[in-house]
Amino acid sequence: MTKEKVSKKDFNFPLVLGHEAAGIVESVGPGVTEFKQGDKVIPIFISQCRECRFCKSPKTNLCDNSGMPEPDSRLTCKGKKLIQYMGTSTFSEYTVVNQNAVAKVDPAAPLDKVCLLGCGICTGYGAAVNTAKVEPGSTCAVFGLGAVGLAAVMGCKAAGAKRIIAVDTNPDKFDKAKEFGATEFVNPNDHDKPISQVLSDMTSGGVDYSLECIGNVGVMRSALESCVKGWGISVIVGFTNVHDLSTRPVQLLLGRTWTGSAFGGFKSKDGVQQMVKAYMDKKIKVDEFITHNLTLNEVNDAIELLKQGKSIRTVMRISPE
């Protein structure tokens, strides 16, 4: 597995990062009727306007009215406009978002927990249950055991998968994966043959479903080729837009399906509310993803923990409790 480099030309600057958060509405602008001051909300990077052709279709969770485009950012610093990352920019004490990109949540929901439902957990869990549509008794392989991958494992378990094979080069994550439902573990570095061949040998020809939760085009190909011919489904969950993707046509001609999943296929506002309710009803895990708690001032420390593979999710507060 290689680390893909992203150049500065791929982004506009200055940019306020962050897209997974929860907060309280401080104020609303003219024409906003769905929210009021004091509401607990989760900002979302995929909008749901309920009016466009995508929102009206049950085939997708995309939206044509995706918040505020970059030129319309409402953030400034010392008179200079700041670019909003994915229309949210949550690494900030305050942010301004389009009403189509915010979900109101249960007033009793703990913000320092349900903030994780703004991206990672919904993305992985939904990729398994909504996109792959994992079936009871099936065999699954999940590549990458970060928060998205662990959520995918949780989704496979919820869907009734019999075997859930967790794949990662960091063996320290295997115990965590077991907690979420993984039944077996494979470290590609422990083998002298391609991981797709390892999984094929383990499963008499390949898994029914594979989910790539890293964002590495090489691993995406391995995940596809780990699927059984005839009906295997491989879902691309990890995001990248740096390199082209490739495989041999015969992989698809023999009946495998290769597809992608954004935000786990959830209609964003509706899906977040559903997942918050599932958490409050103790039907999904959320607290178990949190390995560290820091303040926003320690954001660089949080990112370093992630880079070193020492954290699953670090929740940052505006200020200490």
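Within each chain, residues carry numbers counting from 1 in the order of the written sequence. Restriction of local features to residues with pLDDT of at least 70 applies here, the model being predicted, together with a cutoff of 80 or more for giving and counting side-chain atom pairs; totals for whole chains, interfaces and linings are based on all residues. Note that water and hydrogens are dropped before the side-chain values are worked out from all heavy atoms of the structure.

(A) Quick look at the domain arrangement of the chain. All domain edges in this entry derive from an automatic or database-based domain assignment. As assigned here, the chain comprises domain 1 (15-119 + 266-317) and domain 2 (124-262). The gap between the C-alpha centroids of domain 1 and domain 2 is 27 Å. Counting residues at the interface gives 11 residues for domain 1, matched by 15 residues for domain 2. Buried area, as used here, totals the accessible surface that two parts lose on assembly, with accessibility defined by a 1.4 Å probe and the loss added over both. Summed over both partners, the interface of domain 1 with domain 2 buries about 1200 Å², with 69% contributed by carbon and sulfur atoms. It is Lys285, Phe289 and Ile312 that lose the most area in domain 1 upon contact with domain 2, and together they represent 41% of the buried surface on that side. For this analysis, a salt bridge means a side-chain nitrogen from Lys or Arg found within 4 Å of a carboxyl oxygen belonging to Asp or Glu. Put simply, domain 1 and domain 2 have 0 salt bridges between them. Pairing of N or O atoms within 3.5 Å defines a polar contact, subject to two protein rules: one partner must be a possible hydrogen donor and the other a possible acceptor, and residues neighboring in sequence count only if both atoms are side-chain atoms. Inspection of the region where domain 1 meets domain 2 yields 3 residue pairs in polar contact (both at pLDDT 80 or more). Throughout this entry, Asp, Glu, Lys and Arg are counted as charged residues, while Ala, Val, Leu, Ile, Met, Phe, Trp, Tyr, Cys and Pro are counted as nonpolar. The remaining residues, Gly among them, count as polar. Residue classes in the side of domain 1 that touches domain 2 are distributed as 6 nonpolar, 2 polar and 3 charged. By the convention used here, residues are in contact when the closest approach between their heavy atoms is within 4.5 Å.

(B) Up close: the sheet that holds strand β9 (residues 184-186). The strand order β9-β8-β7-β10-β11-β12 describes an open sheet built from 6 strands, whose pairing is parallel. The sheet is open, and its two borders are formed by β9 and β12 (257-260), each paired with just one other strand. The sheet shows a mean angle of 20 degrees between the axes of neighbouring strands, taken without regard to direction. Strand pairing is assigned whenever DSSP identifies at least 2 bridges connecting the two strands. Helix numbers and strand numbers start at the N terminus; a helix is a DSSP run of H or I with at least 4 residues, a strand a run of E with at least 2. Where strand β8 (residues 163-167) and β9 come together, 3 bridges link them in parallel fashion. The axes used here are C-alpha line fits, helices contributing only the stretch in contact, and every angle between their N-to-C directions lies in the interval 0 to 180 degrees.

(C) Expanded view of the UniProt feature "domain: Alcohol dehydrogenase-like C-terminal" (unreviewed entry) in the chain. When the UniProt feature table is mapped onto this chain, "domain: Alcohol dehydrogenase-like C-terminal" (unreviewed entry) is found at residues 147-270. The span residues 147-270 is 35% helix and 16% strand, and its two end C-alpha atoms sit 21 Å from each other. UniProt positions are given in the numbering used here, feature names are shortened, and annotations may be inferred rather than shown by experiment.

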